[in-house]
Amino acid sequence: MPPLTTTRPAGTDPATGPTAVRPAAATRPTAAGRAARALTTRALALHPGVVLVAGYVAELLFRLILVRHMSFPSVHPDEDSYLVLARVLAGRPTTEIPVGVVIPGGYPLLISPALRLADDPVTAYRLIMVINATVNALVLPLAYVALRRLGLRRRLAYVFGGVTALLPPVIFYSQFALTDAVLPVLILAWLLCLHGWLADGTGRRRTWHAVGAGAAAGYAMATHDRGGVVVALTAAVLLGVLLLRRAPWRATAAGLAALGLGVLGAQLLSAWLHAQFTVANSDVGGFLWRGLTDPGAAQRTLTRTAGQIWYFTASTWGIGGLAVVACLCAVADRRLPRELRVTGGVLVALLFGTALASAAALPADGRIDDWVYARYTSYLVPAAFVIGIALLAGRGRRVLGRTAAVTAGLMVLLAGTVVESAGSKLRTEVFILWGMPDSSFLAGDWGRLDMFRATAAALVVLTAVVLVRLSGGRRVLPAIGVSLALFAAFATTTITAQVAAPHAKWREGLATGFTRDSGVGAGDNVVFAWDLDWSLRGTQAFEVYRGRVWFLDPRWQPLPAEASALVTPLPPAGQPAEAYWPDHPAAWYVERADARQNWAVWRHR
């Protein structure tokens with residue numbers, strides 16, 4: 001956690017010592033700075049809460065505009081599996097779970113009301129997009145609170161809170177039915193609660209913050225496997241502070257109780273969901289252990305870890321990198337308040353722990369984005385960004401310049417490490433644009449990974465921001481905030497147009513397109529052959545909304561008695577569709593087929 005403006009006497013600059021307070025006429029802000037200052041000053045003078053609500057509504061509308069055409073899952077099998085869990089939690093019939101194991105159900109529990117309210121999958125998915133946007137936009141008020149605690153004035157906290165909420169890594173994943181729509185909000189709230197528990201205040205205030213930290217960690221565990229790291233860190237901090245008597249024991253005990261109840265709730269939810277399905281338990285822990293203990297995979301794991309940290313810093317235009325460097329330095333700086341040192345250390349530990357764990361657990365499936373996986377560390381982007389902004393706003397020229405130089409060197413070093421270690425695999429393995437949206441935007445290349453070009457672009461933004469701040473002082477901060485907000489909105493809109501929208505359109509034929517062409521209805525009970533396109537099978541587990549689906553091979557597995565339709569691939573060219581299942585019972589016949597998409601629909605007479 002960076003040193004804050006509140007730890008330095010007014011009128012003092014760490015680089016130059018005490019400074020005289022200049023008359024207002026001696027510092028002329030830029031035109032953009034005057035406009036931003038006048039606008040936010042007049043608005044905040046009315047009531048900060050009203051302005052925050054207005055900003056939240058604007059962020060919500062921006063997200064809803066971006067997803068206005070999204071009406072079906074397109075990220076397979078992740079979305080499909082979350083939607084199946086949400087379907088069961090909404091009281092609808094059990095069906096196949098596409099991922100093949102029961103995954104954490106915290107996010108499906110959140111979106112399950114959409115499936116209770118909607119009578120068809122399109123309406124349900126659109127309601128889920130509304131839920132995602134409603135939760136994801138909470139980054140703005142939470143970032144505002146964080147920036148205020150980090151010493152920024154109301155006007156600046158509001159402007160930079162808006163920038164944080166507009167960042168591409170924050171919004172991109174909210175355009176899909178994925179846990180990453182809500183995790184950034186959850187983690188930022190969790191860190192704020194840890195900070196509030198450790199900071200001086202009344203016993204009641206600290207107790208409620210401790211309870212909030214424990215509950216947030218428990219829900220994080222119920223939401224994704226990454227939440228296990230959050231729970232471990234929360235338990236370590238609570239127990240350590242309790243033993244060292246660094247906080248009121250009643251508040252700490254309340255936090256531990258909330259953590260225990262949260263973990264118990266996550267386990268009960270998981271147990272209930274397991275009872276609804278006949279699938280094996282997830283073996284994420286086994287994959288992680290093998291990845292960490294296999295000597296042959298050590299280089300791959302370390303390279304992937306470096307790649308994830310690189311992507312994290314590049315996707316935040318280096319500002320998140322400022323936070324990483326500052327937090328590492330702050331841990332050892334005893335001049336800083338305890339709450340800043342602890343929360344800064346926890347953030348860095350969570351970042352590196354997440355990157356290392358996911359790097360070890362991800363399989364070697366020949367994808368380029370495995371080396372620079374973006375999604376798993378993105379939930380820390382808002383927290384790191386606000387810390388980087390606090391450093392930018394509150395530190396003197398010398399400290400800011402040194403931190404920026406170290407950040408730039410770190411980004412180049414990480415990129416060079418990945419390029420040197422992965423070598424030709426960064427060119428020859430499968431390029432999936434959806435997995436690398438930010439780096440593709442920064443590099444201006446939507447067809448390949450160019451780490452050095454993306455690094456250069458991120459450093460251009462960081463350098464420009466730092467140089468303007470160093471040359472103009474704190475009076476240019478409103479202008480920097482407005483400029484970053486415009487750039488973030490442009491980047492997010494561009495990534496949506498170039499990545500999210502084309503990705504969904506490409507998958508339409510497997511979702512609503514198949515439903516329209518095949519005649520399979522939302523109330524059918526459908527068997528999908530195992531050798532069909534797995535994306536088609538996964539999507540239909542949600543699209544067959546009121547019925548259910550099975551994944552079987554009809555040539556050697558008996559069909560369920562309640563099955564009303566069967567979907568199989570077509571046999572080799574020149575053969576009739578019936579040749580796929582030559583020994584089919586007479587009661588089954590081919591109703592229609594599509595050679596372009598390679599499927600045939602069978603019906604029971």
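Residue numbers run consecutively from 1 along every chain, following the written order of its sequence. The predicted nature of this model means local features are confined to residues of pLDDT at least 70 and side-chain atom pairs, given and counted, to a pLDDT of 80 or more, with totals for whole chains, interfaces and linings taken over all residues. Just so you know, side-chain values use all the structure's heavy atoms and leave hydrogens and water out.

**Q** Is there a simple way to explain the overall build of the chain in this structure?
**A** Secondary structure summary: the chain contains 24 helices and seven strands in total. With C-alpha atoms as the basis for the radius of gyration, the globule rule is written as 2.2 Å multiplied by the number of residues raised to the power 0.38. Expected size for 605 residues packed as a compact globule is a radius of gyration near 25 Å; at 26 Å, the chain falls within 12% of this value. With respect to the principal axes defined by its C-alpha atoms, the chain has extents near 95 × 55 × 50 Å. Expressed as a percentage of its 605 residues, the buried residues of the chain come to 56%. We call two residues in contact when some of their heavy atoms are within 4.5 Å. Within the chain, contacts between residues separated by at least 24 positions form 75% of all contacts whose residues are at least 6 apart in sequence. Only the protein chains shown count as cover for residues, and the accessible areas themselves come from Shrake-Rupley with a 1.4 Å probe. Only carbon and sulfur atoms are counted for the fraction: they give 63% of the accessible area of the chain, which is about 24,500 Å². The numbering of helices and of strands both runs from the N terminus, where a helix is a DSSP run of H or I of at least 4 residues and a strand a run of E of at least 2. Note on exposure labels: buried denotes an accessible area under 20% of the residue type's maximum, exposed denotes more than 50%, and partly exposed covers the range between, all computed with a 1.4 Å probe on protein chains only.

**Q** Hey, could you run me through helix α18 (residues 397-422) in this one?
**A** An α-helical turn contains 3.6 residues, so any two residues separated by three or four positions project in the same direction. Multiplying one less than the number of residues by 1.5 Å gives the expected span of a helix. Its 26 residues place the ends of α18 37 Å apart at the C-alpha level, agreeing with the 38 Å of an ideal helix rising 1.5 Å per residue. Buried residues belonging to α18 abut α14 (298-315), α15 (319-331), α17 (381-394), α19 (425-428) and α21 (451-472). Positive phi shows up at Gly 423, right after α18, with a value of about 60°.

**Q** Explanation requested: the packing of aromatic side chains in the structure shown.
**A** Given two aromatic rings, one states the distance between the centres and the angle between the planes to describe the pair. Only the six-membered ring of Trp is used, alongside the rings of Phe and Tyr, when aromatic pairs are assigned; centres must lie within 6.5 Å, and planes under 30 degrees apart are stacked while those over 60 apart are edge-to-face, with the rest tilted. Taken as a whole and assessed by the stated rule, the structure comprises 18 aromatic pairs. With 5.6 Å between their ring centres and 75° between their planes, Phe 176 and Trp 434 make a pair best called edge-to-face. Taken together, the residues span a long stretch of sequence, with Phe 176 in the loop between α8 (168-172) and α9 (183-198) and Trp 434 in the loop between α19 and α20 (437-443) at a distance of 258 residues. Both residues of the pair, Phe 176 and Trp 434, count as buried.

**Q** Teacher, can you tell me more about unusual backbone geometry here?
**A** Where the residue is not glycine, phi is negative for most of them; where a peptide bond is considered, it is trans in most cases. Following His 76, the chain continues to Pro 77 via a peptide bond in cis, the omega torsion being -5°. Note that Pro 77 resides in the loop between α2 (48-66) and α3 (78-89). Phi at Trp 317 is positive, roughly 60°, even though this residue is not glycine. Structurally, Trp 317 is set in the loop between α14 and α15. Positive phi, normally seen in glycine, also occurs at Asn 598, with a value near 60°.

**Q** Help me out: how do you make sense of the environment of Val 406 in this one?
**A** Along the chain, the position of Val 406 falls in helix α18. Separated by 81 residues in the primary sequence, Val 406 and Val 325 place their C-alpha atoms 7.4 Å from one another.

**Q** Just to check I follow, could you spell out the sheet that holds strand β5 (residues 565-568) for this structure?
**A** Strand pairing in a sheet takes place through backbone hydrogen bonds and is either antiparallel or parallel in direction. Spatially, the five strands line up as an open sheet ordered β4-β3-β5-β7-β6, and their pairing is mixed. Among the strands making up the open sheet, the edge pair consists of β4 (548-552) and β6 (588-594). Taking the axes of each pair of neighbouring strands and ignoring which way they run, one obtains an average angle of 25° across the sheet. Of the strand pairs in this sheet, strand β3 (residues 525-529) and β5 are connected by three bridges, and their pairing is parallel. Following the sheet pairing, Val 526 is matched in β5 by Ala 565. Helix α24 (residues 534-543) rests against β3 and β4 of the sheet, and its axis sits at about 155° to β4. Two strands pair if DSSP finds at least two bridges between them. Every axis corresponds to a line fitted to the C-alpha atoms, with the helix fit spanning only the stretch in contact, and the corresponding angles, defined between N-to-C directions, vary from 0 to 180 degrees.

**Q** Could you clarify how one ought to interpret the nonpolar core in this entry?
**A** One broad trend across soluble globular proteins is that nonpolar side chains are buried collectively. The biggest cluster of nonpolar side chains holds 176 residues, and the ones touching the most others in it are Phe 160, Trp 190, Trp 197 and Leu 484. With 12 residues, α9 is the single largest residue contributor to this core. Every residue in contact with Phe 160, bar those within four places of it in the chain, is listed here: Leu 147, Leu 152, Ile 389, Leu 477, Ile 480, Gly 481 and Leu 484. Throughout, nonpolar core names a set of buried Ala, Val, Leu, Ile, Met, Phe, Trp, Tyr and Cys residues whose side chains join them through atoms within 4.5 Å.

**Q** What is the right way to look at the pairing of β5 in this model?
**A** Side-chain positions along a regular strand alternate between the two faces of the sheet. The two faces of β5 match: Ala 565 and Val 567 on one face and Leu 566 and Thr 568 on the other face are all buried. Summarising the sheet, β5 and strand β7 (residues 599-604) pair through four bridges and their orientation is antiparallel. Within β7, the residue paired with Val 567 across the bridge is Val 601.

**Q** Sorry, what's going on with the pattern of salt bridges here?
**A** Pairing is possible between side chains that carry opposite charge, provided their charged atoms lie close to one another. In the sections that follow, a salt bridge refers to a side-chain nitrogen of Lys or Arg positioned within 4 Å of a carboxyl oxygen of Asp or Glu. One pass over the full model with this rule turns up 15 salt bridges. Residue Asp 553 pairs with Arg 555 through a salt bridge whose shortest N-O separation is 3.1 Å. Bridged by salt links that share partners, the residues Asp 78, Asp 180, Arg 226 and Arg 375 form one connected network.

**Q** Looking at this model, I keep getting lost on the pairing of β7. Mind explaining?
**A** Among the six residues in β7, five count as buried, and that is most of the element. Two strands pair when backbone bridges link them, and β6 and β7 are joined in this way by six bridges, in the antiparallel orientation. Bridge pairing in β7 places Ala 593 opposite Ala 600.

**Q** Help me understand the packing of helix α7 (residues 154-166) against α17 in this model?
**A** What describes two packed helices is the angle between their axes and the distance between those same axes. Put simply, α7 and α17 touch, their axes get as near as 10 Å, and they point 145° apart. In this structure, α7 crosses over α17, and the sense of that crossing is right-handed. Side by side, α7 and α17 meet where Phe 160, Val 163 and Thr 164 of the first sit next to Pro 382, Phe 385, Val 386 and Ile 389 of the second. When the residues that make up the contact of α7 with α17 are grouped by side-chain class, the tally is six nonpolar, one polar and no charged. By the definition used in this description, the sense in which the near helix is turned from the far one sets the handedness, with an anticlockwise turn below a right angle giving left-handed and a clockwise turn giving right-handed. All residues other than Ala, Val, Leu, Ile, Met, Phe, Trp, Tyr, Cys, Pro, Asp, Glu, Lys and Arg, Gly among them, are scored as polar; the first ten of these are nonpolar and the last four charged.

**Q** Hey, could you run me through the side chain of Thr 455 in this one?
**A** Residue position: Thr 455 is located in helix α21. The class for Thr 455 is buried, based on a relative accessible area of 2%. Beyond its immediate sequence surroundings of up to four residues, Thr 455 is in contact with Trp 310, Met 411, Val 412 and Ala 415.

**Q** When you look at the state of the cysteines in this model, what are you seeing that I'm missing?
**A** Here a disulfide denotes a covalent bond joining the sulfur atom of one cysteine to the sulfur atom of another. Cysteine sulfur atoms are paired as a disulfide whenever they fall within 2.5 Å. The final tally for this structure, using the stated rule, is zero disulfides. With no disulfide of its own, Cys 193 lies closest to Cys 327 among cysteine sulfurs, the gap being 18 Å. A relative accessible area of 17% means that Cys 193 is categorised as buried. Looking at the unpaired Cys 327, the closest cysteine sulfur is the one in Cys 329, lying at 9.3 Å.

**Q** Just checking my understanding: could you explain the packing of helix α11 (residues 227-244) against helix α16 (residues 338-361) for this structure?
**A** Packing of α11 against α16 brings their axes to within 11 Å, and their N-to-C directions diverge by 150°. By the angle between their directions, the pair α11 and α16 is classed as roughly antiparallel. α11 and α16 meet at a crossing whose hand is right-handed. Every residue of α16 that contacts α11 at Val 229, Val 230, Leu 233 and Val 237 is listed here: Val 342, Val 346, Ala 349 and Leu 350. Here roughly perpendicular refers to angles of 65 to 115 degrees, roughly parallel to angles under 35, roughly antiparallel to angles over 145, and oblique to all remaining angles.

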